[in-house]
Amino acid sequence: MSEHKDHRDIGRKLDLFSFHEVAPGAPFWHHKGMVIFKELEKYIRELQDKNNYQEISTPIMVKKSLFEKSGHWEFFKQNMFNFDVENEIYSLKPMNCPESALVYQTKIRSYRDLPLRLAELGRLHRNELSGVLGGLFRVRQFTMDDAHIYCRQDQIKSEFTSILKMTEEFYKKLGLPVSYGLATRPEKAMGDKKLWDEAEIILKEALKDTGLKYQILKGEGAFYGPKIHFDIKDSLGRTWTLATAQLDFQIPERFELEYIDENGKPQRPAIIHRAIFGTFERFIGMLTEHFQGAFPLWLAPVQTVLIPVSEKQKEYAEKIYNQLKENGIRTEIYESGETLPKRIREAELQKIPYILVVGKKEEKNESINVRHKNKETEIKIEELIEKLKKEISEKK
Ligand SMILES: [Zn+2]
């Protein structure tokens, strides 16, 4: 067995995040952890922009009446944080859907306005028992890459196809193979059986059109609609269900959502709830273990480190440091307090992808000695910058 470290250990060693007794189930993100968080945020936003999503942000604290209307109060109350504010009960939202529906309702929507894709990187709270909390995998507070797509019946298939393509693109970049599952009608399902059957056929067709292999997960759908599971296999051979795309006919009913069709008649839209990687917390926890801290360049909190061989190259190292910074490359300098091998070792332990050593020879040649994946090369600074920028933008 190879030595596999828990994300909490790696997080501590690489200064990514920490956990404190005063906030069970909620991580404290350190600067380096936030770099990963923000890079993922940036990437998901890019994908969403490309696919014509609109981003919204809704309140974290809401009156319980909203959840009574959505049905969450009845079924999910025990998992919510509820408390008194001026003699009224408020809740911390456990999901974004009901508030997204309120945004939908602020306008009369026409069939031409659909699909309307409202994305929200919402911060959510769910009350898990403190005994089951653990690291980033079981948390009480988390951020989801959530979206709700309001669409006509005839748009469901193409919306699912588009979600599947986004998912493929996202995980391909990370080199994580995805397997798909179609979760069908459970025994205690709500709504019309005929509607369910039709919906399952549409989802099957979307999967078929995309050419993706999938399994049927019989009876594993939510009570309000069928869903597609995205399962990821990590480097340790573990399977993770990180995200789903879920069809829902219930919230549109409960909120009486409408759009006006070609004949001027009101119709109910369908909702697709979707997340590509689920929660930032669980996903970053998984990635940390999957890569064992050696993140790909675009995600690495520190992408390069400069190591001057002696005090004499300090100025030259600073010059390169500034050039890297100006080019948006995250970098640090390990000053010459410790021996050279010790500083190189430290950079390796910190899993910094590119270790840049500069000595007398490099200063003279205006070059850098690059250590990357156990290979050493001497290259010019401009060449290195171009190479790094390319690798970062391609998310290799
Ligand atoms: Zn939702």
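Everything below is about the structure shown above.
Residues numbered from 1 in each chain as written. Predicted model: local features only at pLDDT ≥ 70, side-chain atom pairs only at ≥ 80, totals over all residues. Heavy atoms only, no water.

Peer 1: How do you make sense of the overall build of the protein chain when you look at a structure like this?
Peer 2: A count of helical and extended segments in the protein chain gives 13 helices and 20 strands. With respect to the principal axes defined by its C-alpha atoms, the protein chain has extents near 80 × 50 × 45 Å. Here the analysis covers contacts within the protein chain between residues at least 6 apart in sequence; of these, 70% occur between residues at least 24 apart. Approximately 19800 Å² of the protein chain is accessible, and the part contributed by carbon and sulfur atoms is 49%. Counting 64 positive and 62 negative side-chain charges, the protein chain places the averaged centre of each group 3 Å from the other. (Helix = DSSP H or I, 4+ residues; strand = E, 2+ residues; numbered from the N terminus. Contact = heavy atoms within 4.5 Å. Areas by Shrake-Rupley, 256 points an atom, 1.4 Å probe, with all protein chains shown as cover. Lys, Arg positive; Asp, Glu negative; His and termini not counted. Charge placed at Lys NZ, Arg CZ, Asp CG, Glu CD.)

Peer 1: Sorry, what's going on with the coordination of the zinc ion here?
Peer 2: Each pair of donors in an ideal octahedron of six around a metal sits at 90 or 180 degrees, and each pair in an ideal tetrahedron of four sits at 109.5 degrees. Coordination of the zinc ion by the protein is provided by Cys97 (SG), His148 (NE2) and His273 (ND1), with metal-donor distances spanning 2.0 to 2.4 Å. Between consecutive donors of the zinc ion, the numbers of intervening residues give the motif C-x50-H-x124-H. Here the residue Cys97 occupies a position in helix α5 (residues 97-104), and His273 occupies one in strand β15 (residues 270-279), the gap between them amounting to 176 residues. Taking the relative accessible area as the measure of exposure, Cys97 reaches 7% and is therefore buried. By relative accessible area, which is 10% here, His273 ends up buried. (Donors = N, O, S within 2.8 Å, 3.2 Å for Na, K, Ca; no water. Buried < 20%, exposed > 50% of the residue type's maximum accessible area, 1.4 Å probe, protein only.)

Peer 1: Looking at this model, I keep getting lost on the packing of helix α2 (residues 31-50) against helix α9 (residues 280-290). Mind explaining?
Peer 2: One way to put it is that α2 packs onto α9 with a least axis distance of 11 Å and a crossing angle of 115 degrees. Classed by the angle they form, the pair α2 and α9 counts as roughly perpendicular. Here α2 and α9 pass one another in a crossing that is right-handed. Of the residues in α9, those in contact with Ile36, Phe37, Leu40 and Glu41 of α2 are Phe280, Glu281, Phe283, Ile284 and Leu287. When the residues that make up the contact of α2 with α9 are grouped by side-chain class, the tally is seven nonpolar, no polar and two charged. (Axes fitted to C-alpha atoms, helices over the stretch in contact; angles between N-to-C directions. Parallel < 35°, antiparallel > 145°, perpendicular 65-115°, else oblique. Left-handed = near helix turned anticlockwise from the far one by under 90°. Nonpolar A, V, L, I, M, F, W, Y, C, P; charged D, E, K, R; others polar.)

Peer 1: How should the sheet that holds strand β17 (residues 331-333) be read in this particular structure?
Peer 2: Two pairing modes exist for strands in a sheet, parallel and antiparallel, and in both the strands are linked by backbone hydrogen bonds. Taken in spatial order, the five strands of this open sheet run β17-β16-β18-β19-β20, and their pairing is mixed. With one partner strand each, in any of the chains shown, β17 and β20 (375-380) form the two edges of the open sheet. Across the sheet, the mean angle from the axis of one strand to that of its neighbour is 25 degrees, orientation sign disregarded. Relative to strand β18 (residues 354-358), strand β16 (residues 304-308) runs parallel, the two sharing five bridges. In the sheet register, Ile307 faces β18, and the bridge partner there is Val357. Packed on one face of the sheet, helix α11 (residues 340-349) meets β16, β18 and β19 (367-372) and runs near 175 degrees to β16. (Pairing = 2+ DSSP bridges.)

Peer 1: Quick question: what am I supposed to make of the environment of Arg138 here?
Peer 2: Its place among the elements puts Arg138 in the loop between β7 (116-125) and β8 (141-151). Between the C-alpha atoms of Arg138 and Ala26, which are 112 residues apart in sequence, the distance is 9.0 Å. Those residues in contact with Arg138, other than ones at most four positions away along the chain, are Gly25, Glu128, Val132 and Leu133. Polar contacts involving the side chain of Arg138 include one to the side chain of Glu128, which spans 3.1 Å. (Polar contact = N/O pair within 3.5 Å; in protein donor to acceptor, adjacent residues only side chain to side chain.)

Peer 1: Looking at this model, I keep getting lost on the sheet that holds strand β4 (residues 61-63). Mind explaining?
Peer 2: Ordered by their spatial adjacency, three strands build an open sheet running β4-β6-β5, and the pairing between neighbours is antiparallel. Every other strand in the sheet has two partners, leaving β4 and β5 (82-85) as the edge strands with one partner each. Within the sheet, the average angular offset between the axes of one strand and its neighbour, ignoring direction, is 40 degrees. Sheet topology places β4 next to strand β6 (residues 88-92); three bridges connect them, and they run antiparallel. Note on β6: the bridge partner recorded for Met61 is Leu92.

Peer 1: Sorry, what's going on with the nonpolar core here?
Peer 2: Within soluble globular proteins, side chains that are nonpolar generally end up buried alongside one another. Counting residues in each nonpolar core, the largest one holds 64 residues, and the members touching the most others are Leu40, Phe170, Tyr171, Phe230, Phe283 and Leu287. A per-element tally of this core places helix α6 (residues 156-173) first, with seven residues. Among residues more than four places away in sequence, those in contact with Phe283 are Leu40, Phe170, Tyr171, Leu174, Leu242 and Phe277. By size, the runner-up hydrophobic cluster in this structure holds 19 residues, among which are Leu66, Cys97, Phe255 and Tyr259. (Core = buried A, V, L, I, M, F, W, Y, C linked by side-chain atoms within 4.5 Å.)

Peer 1: Would you mind showing me how to read the pattern of salt bridges here?
Peer 2: Pairs can form between side chains of opposite charge once their charged atoms are near each other. Overall, the coordinates contain 29 salt bridges when judged by the stated rule. The salt bridge partner of Asp154 is Arg152, with a shortest N-O separation of 3.0 Å. Taking relative accessible area as the criterion, Asp154 reaches 56% and is therefore assigned exposed. When its relative accessible area of 17% is taken as the criterion, Arg152 is described as buried. For Lys157, the salt bridge goes to Asp209, with nearest N and O atoms at 3.0 Å. Residue Lys157 is located in helix α6, and its partner Asp209 is located in helix α7 (residues 193-209); the two are separated by 52 residues in the primary sequence. The network of salt bridges with shared partners includes Glu39, Lys42 and Arg330. (Salt bridge = Lys/Arg side-chain N within 4 Å of Asp/Glu carboxyl O.)

Peer 1: It is not clear to me how helix α13 (residues 381-393) should be interpreted in this structure. Could you clarify?
Peer 2: One turn of the α-helix equals 3.6 residues, which is why residues spaced by three or four share an orientation. In a regular helix each residue adds 1.5 Å, so 13 residues correspond to 18 Å; α13 covers 18 Å between its end C-alpha atoms and thus fits that length. Among the structural elements, β16, α10 (314-326), β18, β19 and β20 are those in contact with the buried residues of α13. Looking at the residues trailing α13, positive phi occurs at Lys395, about 50 degrees. (Expected span 1.5 Å × (residues − 1).)

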